[in-house]
Amino acid sequence: MFGIDKNIILILGLTLPGIMTGIGAIPIFLTKNVSQKLLDVMLGFAAGIMLAATAFSLIMPSIEYGGGNFKAVMVTSFGILFGAVLIDLIDKYSPHEHLIDKRREGGSSKSLKQIWLFVIAITIHNFPEGMATGVGFGTNNIADGLTLALGIGIQNMPEGLAVALALARENYSIKYSFIVAFLTGLVEPVGALMGYGLVKIFEPLLPFILALAGGAMLFVISDEIIPTTHSNGFERESTYGIIVGFIVMMILDVLLG
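Computed from a predicted model, the values in this text were never measured in an experiment. (Residues numbered from 1 in each chain as written. Predicted model: local features only at pLDDT ≥ 70, side-chain atom pairs only at ≥ 80, totals over all residues. Heavy atoms only, no water.)

Bringing helix H7 (residues 187–201) into the picture now. Taking 1.5 Å of rise per residue, 15 residues should cover 21 Å, and H7 covers 21 Å from first to last C-alpha, within 8% of that figure. Along H7, the positions that sit buried rather than exposed are Val 187, Glu 188, Pro 189, Gly 191, Ala 192, Gly 195 and Val 199. (Helix = DSSP H or I, 4+ residues; strand = E, 2+ residues; numbered from the N terminus. Expected span 1.5 Å × (residues − 1). Buried < 20%, exposed > 50% of the residue type's maximum accessible area, 1.4 Å probe, protein only.)

On to a nonpolar patch on the surface. Together, Tyr 240, Ile 243, Ile 247, Met 250, Ile 251, Val 254 and Leu 255 make up a nonpolar patch on the protein surface, roughly 700 Å² of accessible area in all. Tracing the backbone shows Ile 251 in helix H9 (residues 235–256). On the accessibility criterion, Ile 251 (44% relative accessible area) is partly exposed. (Patch = residues over 30% accessible without salt bridge, like charges linked within 9 Å, V, L, I, M, F, W, Y side chains within 5 Å. Areas by Shrake-Rupley, 256 points an atom, 1.4 Å probe, with all protein chains shown as cover. Salt bridge = Lys/Arg side-chain N within 4 Å of Asp/Glu carboxyl O.)

Moving on: the pattern of salt bridges. Tallied over the full model, the rule gives one salt bridge. A salt bridge links Lys 37 to Glu 237; the shortest N-O distance between them is 4.0 Å. Taken together, the residues Lys 37 in helix H2 (residues 36–65) and Glu 237 in helix H9 connect sequence positions 200 residues apart.

We now examine the UniProt feature "transmembrane region" (unreviewed entry) in the protein chain. The residues that UniProt annotates with the feature "transmembrane region" (unreviewed entry) are residues 6–29, 41–60, 72–90, 111–128, 148–167, 179–199, 205–226 and 238–256. Secondary structure over residues 72–90 splits into 100% helix and 0% strand, and the C-alpha atoms at its two ends are 27 Å apart. In the segment residues 238–256, helix accounts for 100% and strand for 0%; the C-alpha atoms at its two ends are 27 Å apart. (UniProt positions renumbered as here; feature names shortened; annotations may be inferred.)

Moving on, we get to the packing of aromatic side chains. Applying the stated criterion across every chain yields a total of seven aromatic pairs. Between Phe 29 and Phe 178, the ring centres sit 5.1 Å apart and the planes meet at 55°, which makes this aromatic pair tilted. Of this pair, Phe 29 sits in the loop between helix H1 (6–24) and H2 while Phe 178 sits in helix H6 (residues 174–185), placing them 149 residues apart in sequence. Given the relative accessible area of 19%, Phe 178 is considered buried. Here Tyr 172 and Tyr 176 contribute two aromatic rings whose centre-to-centre distance is 5.5 Å and whose plane-to-plane angle is 25°, an arrangement assigned as stacked. The partly exposed category is assigned to Tyr 172, whose relative accessible area is 24%. Members of the aromatic cluster, joined through ring pairs, are Phe 29, Phe 178 and Phe 182. (Phe/Tyr/Trp six-rings, centres within 6.5 Å; stacked < 30°, edge-to-face > 60°.)

Among the nonpolar cores identified, the biggest contains 44 residues, and Leu 58, Ala 132 and Val 135 are the most heavily contacted of them. Among the secondary structure elements, those contributing two or more residues to this core are H2, helix H3 (70–93), helix H4 (114–138), helix H5 (142–168), H6, helix H8 (206–229) and H9. With 12 residues, the top contributor of residues to this core is H8. Once residues within four sequence positions are removed from consideration, Leu 58 is found in contact with Ala 53, Ala 132, Val 135, Leu 148, Leu 210, Ala 213, Gly 214 and Met 217. Core analysis: the next-biggest nonpolar cluster, separate from the first, contains seven residues, Ile 9, Leu 14, Phe 137 and Ala 192 among them. (Core = buried A, V, L, I, M, F, W, Y, C linked by side-chain atoms within 4.5 Å. Contact = heavy atoms within 4.5 Å.)

With that settled, the discussion passes to the packing of H5 against H6. In the contact formed by H5 and H6, the axes pass within 8 Å of each other and the chain directions differ by 140°. The handedness of the crossing between H5 and H6 comes out as right-handed. Of the residues in H6, those in contact with Gly 160, Val 163, Ala 164, Leu 167 and Ala 168 of H5 are Ile 174, Ser 177, Val 180 and Ala 181. (Axes fitted to C-alpha atoms, helices over the stretch in contact; angles between N-to-C directions. Left-handed = near helix turned anticlockwise from the far one by under 90°.)

A few words now on the packing of H3 against H8. Where H3 meets H8, the axes come as close as 6 Å, and the angle between the chain directions of the two elements is 50°. The orientation of H3 with respect to H8, classified from their angle, is oblique. In the packing of H3 onto H8, the handedness of the crossing is right-handed. Residues Val 75, Thr 76, Phe 78, Gly 79, Ile 80, Phe 82, Gly 83, Ala 84, Ile 87, Asp 88 and Asp 91 of H3 touch H8, and the partners they reach there are Pro 207, Phe 208, Ala 211, Leu 212, Gly 215, Ala 216, Leu 218, Phe 219, Val 220 and Asp 223. Its residues assigned to classes, the contact of H3 with H8 comprises 14 nonpolar, four polar and three charged. (Parallel < 35°, antiparallel > 145°, perpendicular 65-115°, else oblique. Nonpolar A, V, L, I, M, F, W, Y, C, P; charged D, E, K, R; others polar.)

Positionally, Ser 57 belongs in helix H2. Of note is the side chain of Ser 57, whose polar atom sits 3.4 Å from the side chain of Asp 253. Leaving out residues up to four positions away in the same chain, Ser 57 has contacts with Ala 52, Thr 147, Leu 148, Leu 210, Met 249 and Asp 253. (Polar contact = N/O pair within 3.5 Å; in protein donor to acceptor, adjacent residues only side chain to side chain.)

Written out as structure tokens, the structure is:
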């Protein structure tokens, strides 16, 4: 594709989406006075991209690889539920604090510094995205993997800015806020390698693994991103952000797929 070695595309596809979290945080050096309305629209856009990527690059391929029949739909359905429950359990029992709305969840977290609660929260959030990217490339369809990686990379950018802004508003230095936002994105290549490895090792389970990644993504979208964008009075604006993000990812899927 594009005259570039397949292995180079694979390496870039597994790593760049996470790095783009840090790229998205760069504007923090220019200003930290980003309006909540704009931030909610940007996060809504990110949720729309994730939603379309889940549908077109994970769930639909899961059904297709499974044979496109009723059995395939049932396998995909079970995979979606398993992925959602898995992330739910991790979210429920891992002590963490949501960066945007300050909700604390999980077990006792008194012994953990606040910054580590932040890191754990972002790990829970980003890992399924990385895993989805790796699973996408694991199908041996470079076009599908590239589309998924590009979509997740684009949606990581407003998330990176949101993390940096949240830390800066808690009076952390601009440099420190950027570094933490950048590092949280590096969780994704780890998840990507795991997802890629899962597909390669357990190739007969490909439909289930694709659906599992899709279910994990759906849980993050519904439990984390959308409630965050709908908690500050800009629900309608963020909803249009979701719709536009969905359309953008749908177009990318058609153009690159």
